[in-house]
Amino acid sequence: MNTDELIDFLILYFQSRNIQNWNWVGYKNIKSLITYITGMKDVEQLRHIFEKMMKMGWFIKRRTGSKTDYKFIYCLEPT
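Computed from a predicted structure; not experimentally measured.

### Things to note about the overall build of the protein chain
Step number 1: What the protein chain contains, in helices and strands, is three helices and two strands.
Step number 2: Counting helices and strands in the order they occur from the N terminus, the protein chain gives α-α-α-β-β.
Step number 3: At 12 Å, the protein chain has a C-alpha radius of gyration in line with the 12 Å of a compact globule built from 79 residues.
Step number 4: A burial count over the protein chain gives 35% of its 79 residues as buried.
Step number 5: When contacts within the protein chain are restricted to residue pairs at least 6 apart in sequence, long-range pairs at least 24 apart make up 51% of them.
Step number 6: Here the protein chain has roughly 5300 Å² of accessible surface; of this, 50% comes from carbon and sulfur atoms.
Step number 7: If you average the places of the 12 positive and of the 8 negative side-chain charges in the protein chain, the two averages end up 11 Å apart.

Set out below in structure tokens:
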């Protein structure tokens, strides 16, 4: 499965599990979910997938002090 197909699958899974209702969560939570779904354990590869999803507009980022949180955006097409 190439990266684009994997991201499409992850988006479908996130939408079906309603993770947009989680509101703001840390990268650690998202990484754990991606690891659970894909079985991948390579930290660099997981970060690459997450960064690509960020660039596609599926997550928004919020900084509060030194902490960074992310929120999944459920929409038909990313912004």
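Structure's up, so let's keep going.
### Brief notes about unusual backbone geometry
Step number 1: The phi torsion at Asn18 lies on the positive side, around 55°, for a residue other than glycine.
Step number 2: Mapped onto the elements of the fold, Asn18 is located in the loop between helix 1 (3-16) and helix 2 (27-38).
Step number 3: One non-glycine residue, Asn23, lies in positive phi territory at about 60°.
Step number 4: Along the chain, Asn23 falls in the loop between helix 1 and helix 2.
Step number 5: Given the relative accessible area of 40%, Asn23 is considered partly exposed.

### Remarks on the packing of aromatic side chains
Each aromatic ring pair is characterised by the separation of its centres together with the angle its planes make.
Step number 1: Under the defined criterion, the tally for this structure stands at seven aromatic pairs.
Step number 2: Stacked on the ring of Tyr27, the Lys or Arg Arg47 has its end atom at 4.1 Å from the ring centre.

### Side note on the side chain of Thr68
Step number 1: Relative to the assigned elements, Thr68 resides in strand 2 (residues 67-72).
Step number 2: Reaching out from Thr68, the side chain makes a polar contact with the side chain of Arg63 at a distance of 2.8 Å.
Step number 3: Residues in contact with Thr68, not counting those within four places in the same chain, are Gly26, Lys61, Arg62 and Arg63.

### Notes on helix 3 (residues 43-56)
Step number 1: When the terminal C-alpha atoms of helix 3 are compared, their 20 Å separation across 14 residues agrees well with the 20 Å that a helix rising 1.5 Å per residue should span.
Step number 2: Residues of helix 3 that are buried include every one of Leu46, Ile49, Phe50 and Met53, and no others. The buried residues of helix 3 occupy an angular sector of 95° when projected down its axis, which confines them to one face. Among the exposed residues of helix 3, those pointing more than 90 degrees away from its buried face are Glu44 and Lys55.
Step number 3: Where helix 3 is buried, its residues meet helix 1, helix 2, strand 1 (59-64) and strand 2.
Step number 4: Positioned one or two residues after helix 3, Gly57 has a phi angle of 95°, which is positive.

Procedures and definitions
- Residues numbered from 1 in each chain as written.
- Predicted model: local features only at pLDDT ≥ 70, side-chain atom pairs only at ≥ 80, totals over all residues.
- Heavy atoms only, no water.
- Helix = DSSP H or I, 4+ residues; strand = E, 2+ residues; numbered from the N terminus.
- Rg over C-alpha atoms; globule rule 2.2 N^0.38 Å.
- Buried < 20%, exposed > 50% of the residue type's maximum accessible area, 1.4 Å probe, protein only.
- Contact = heavy atoms within 4.5 Å.
- Areas by Shrake-Rupley, 256 points an atom, 1.4 Å probe, with all protein chains shown as cover.
- Lys, Arg positive; Asp, Glu negative; His and termini not counted.
- Charge placed at Lys NZ, Arg CZ, Asp CG, Glu CD.
- Phe/Tyr/Trp six-rings, centres within 6.5 Å; stacked < 30°, edge-to-face > 60°.
- Lys NZ or Arg CZ within 6 Å of the ring centre and 35° of its normal.
- Polar contact = N/O pair within 3.5 Å; in protein donor to acceptor, adjacent residues only side chain to side chain.
- Expected span 1.5 Å × (residues − 1).
- Arc of directions from axis to C-beta.

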